[in-house]
Amino acid sequence: MSMDVDILRALRRAGGGSVSGAELSQSLGVSRAAIWARVQDLRALGYDIEASPHQGYRMLSTPDLLHADDLLSRLESIRVIGRDIRVFQETTSTNDVIEKLARDGVKEGVVVFAEAQTKGRGRLGRKWISPPGKGLWFSLLLRPALRPEEATRLTIVAATALRRAIANATQLRPEIKWPNDILINGKKTAGILTEMHAEPDQVKHLVIGIGVDVNLEAEEFPPELRQIATSLRAETGEAVDRPELACRILKELDAEYERLNAGRFSEVADEWEEHCTTIGRQVSIRLGERQLRGRAEALGEDGALLVRSEHGRLEPVIGGDVTLEKLT
Ligand code: BTN
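> Explanation requested: the overall build of the chain in the structure shown.
A tally of regular secondary structure across the chain gives nine helices and 14 strands. Taking 20 Å as the expected radius of gyration for a compact globule of 328 residues, we find that the chain reaches 22 Å, a close match to that expectation. Structurally, the chain occupies a C-alpha span of about 80 × 45 × 35 Å along its principal axes. Counting only residues that meet the buried cut, the chain has 51% of its 328 residues in that class. The contacts of the chain with a sequence gap of at least 6 include a subset with a gap of at least 24, amounting to 63%.

What follows is the structure, given as structure tokens:
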């Protein structure tokens, strides 16, 4: 782990107080000059670190920047998701970067953030706008012991974690629209794109891509999306701290993934159902050429949406484009 992780962690732990250069150099086993050099580099990135000859170093403020060492320094008790973090200033799609890492044999839990994506994509081949510094555009690699038909569980896990993190960070009341949308006041604020590489009876790896519209202004959305999409900033009226939100999301994802692996998916599913606006509603779902209309009744054991069709059959749905019919 880089020295910057330890320095940032020590400064943050001091909670606005100072940490002496001697203390840092002793605990990290390097010279005081080496600490000073690292602090200079962090300052150049925008970390406002006060240095006083008598008191030592004090963190006054941190920039709105996704910096891998900073994120790692905030994630102390992570088990899997977020133990390896990489940040790109720009990439095509973070899902593509993770896919490549997966094929290179990288361990599960690696997370790739990009400040901007040039080819961000959503479900069903849609484009995902990803302007620099305005959102959280990231993907993670998982290698769960699941059958391909159970992979939808991971989207449920991710949506549950994402909803909870946004609720705790903003005091807003996010809702889930099956399977992957996070809505605030009825407008989409975040989405999840799960891509799978599997053999007939076993998932090899999953790429979970998450996009959160954090600090976009309403007019930064393309005109055709303004009625249906929003950002956390637009809903709260103030800028949201992206690195802090990123870490909250990773901690929740790690905790939910742990619950899944401990055989407690039903607990995750209960929380998901509690916040899902799709359950109990009349829905219309486009499944390729077919249109399924009916009532969304519940979540199935493997994460499928159970829809009671107009003909009275209970149909499990694992993909497709859901339209909620108007409440009367
Ligand atoms: C959707 O709601 O349709 C899913 C949107 C997923 C967007 C994220 S942004 C990070 C990752 N990289 C991508 O290209 N897509 C996902």
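> Please clarify how the domain arrangement of the chain should be interpreted in this entry.
Segmentation of the chain into domains returns domain 1 (3–61), domain 2 (68–274) and domain 3 (282–324). Inter-centroid distance (C-alpha atoms) of domain 1 to domain 2 is 32 Å. Of the residues lining the interface, seven residues belong to domain 1; the matching set on domain 2 comes to seven residues. Summing both sides of the interface, domain 1 and domain 2 together bury roughly 640 Å²; the carbon and sulfur share of this comes to 46%. A per-residue breakdown of the area domain 1 buries against domain 2 is headed by Val5, Arg9 and Arg12, which together make up 65% of the total. Remark: the boundary between domain 1 and domain 2 carries three salt bridges. Among the ionic pairs, Glu76 bridges to Arg9, the shortest N-O distance being 4.0 Å. Inspection of the domain 1/domain 2 interface yields six residue pairs in polar contact (both at pLDDT 80 or more).

> Sorry, what's going on with the sheet that holds strand 14 (residues 321–324) here?
Two modes of strand pairing occur in sheets, parallel and antiparallel, and in both the strands are linked by backbone hydrogen bonds. Read from one edge to the other, the open sheet built from five strands follows the order 13-12-11-10-14, with strand pairing classed as antiparallel. Two strands bound the open sheet, and with one partner strand each, they are strand 13 (314–317) and strand 14. Across the sheet, the mean angle from the axis of one strand to that of its neighbour is 45°, orientation sign disregarded. Examined bridge by bridge, strand 10 (residues 282–287) and strand 14 share four bridges and lie antiparallel to one another. Residue pairing in the sheet places Ile285 in a bridge with Val322 of strand 14.

> In this structure, what is going on with the environment of Ser139? I would like to understand it.
Mapped onto the fold, Ser139 is located in strand 5 (residues 135–142). On the basis of relative accessibility, which here comes to 0%, the residue Ser139 falls in the buried class. Separated by 54 residues in the primary sequence, Ser139 and Leu193 have C-alpha atoms spaced 8.9 Å apart.

> Would you take a moment to explain helix 2 (residues 21–28) for this structure?
Along helix 2, the residues classified as buried are Gly21, Leu24 and Ser25. Buried residues in helix 2, looked at end-on, bunch into an arc of 95°, giving them a common side. What points out from helix 2, more than 90 degrees from its buried face, is the exposed set Gln26 and Ser27. For helix 2, the elements touching its buried residues are helix 1 (3–13), helix 3 (32–45) and strand 2 (56–61).

Rules used in this analysis
Residues numbered from 1 in each chain as written. Predicted model: local features only at pLDDT ≥ 70, side-chain atom pairs only at ≥ 80, totals over all residues. Heavy atoms only, no water. Helix = DSSP H or I, 4+ residues; strand = E, 2+ residues; numbered from the N terminus. Rg over C-alpha atoms; globule rule 2.2 N^0.38 Å. Buried < 20%, exposed > 50% of the residue type's maximum accessible area, 1.4 Å probe, protein only. Contact = heavy atoms within 4.5 Å. Domains from an automatic or database assignment. Buried area = accessible area lost by both parts, 1.4 Å probe. Salt bridge = Lys/Arg side-chain N within 4 Å of Asp/Glu carboxyl O. Polar contact = N/O pair within 3.5 Å; in protein donor to acceptor, adjacent residues only side chain to side chain. Pairing = 2+ DSSP bridges. Axes fitted to C-alpha atoms, helices over the stretch in contact; angles between N-to-C directions. Arc of directions from axis to C-beta.

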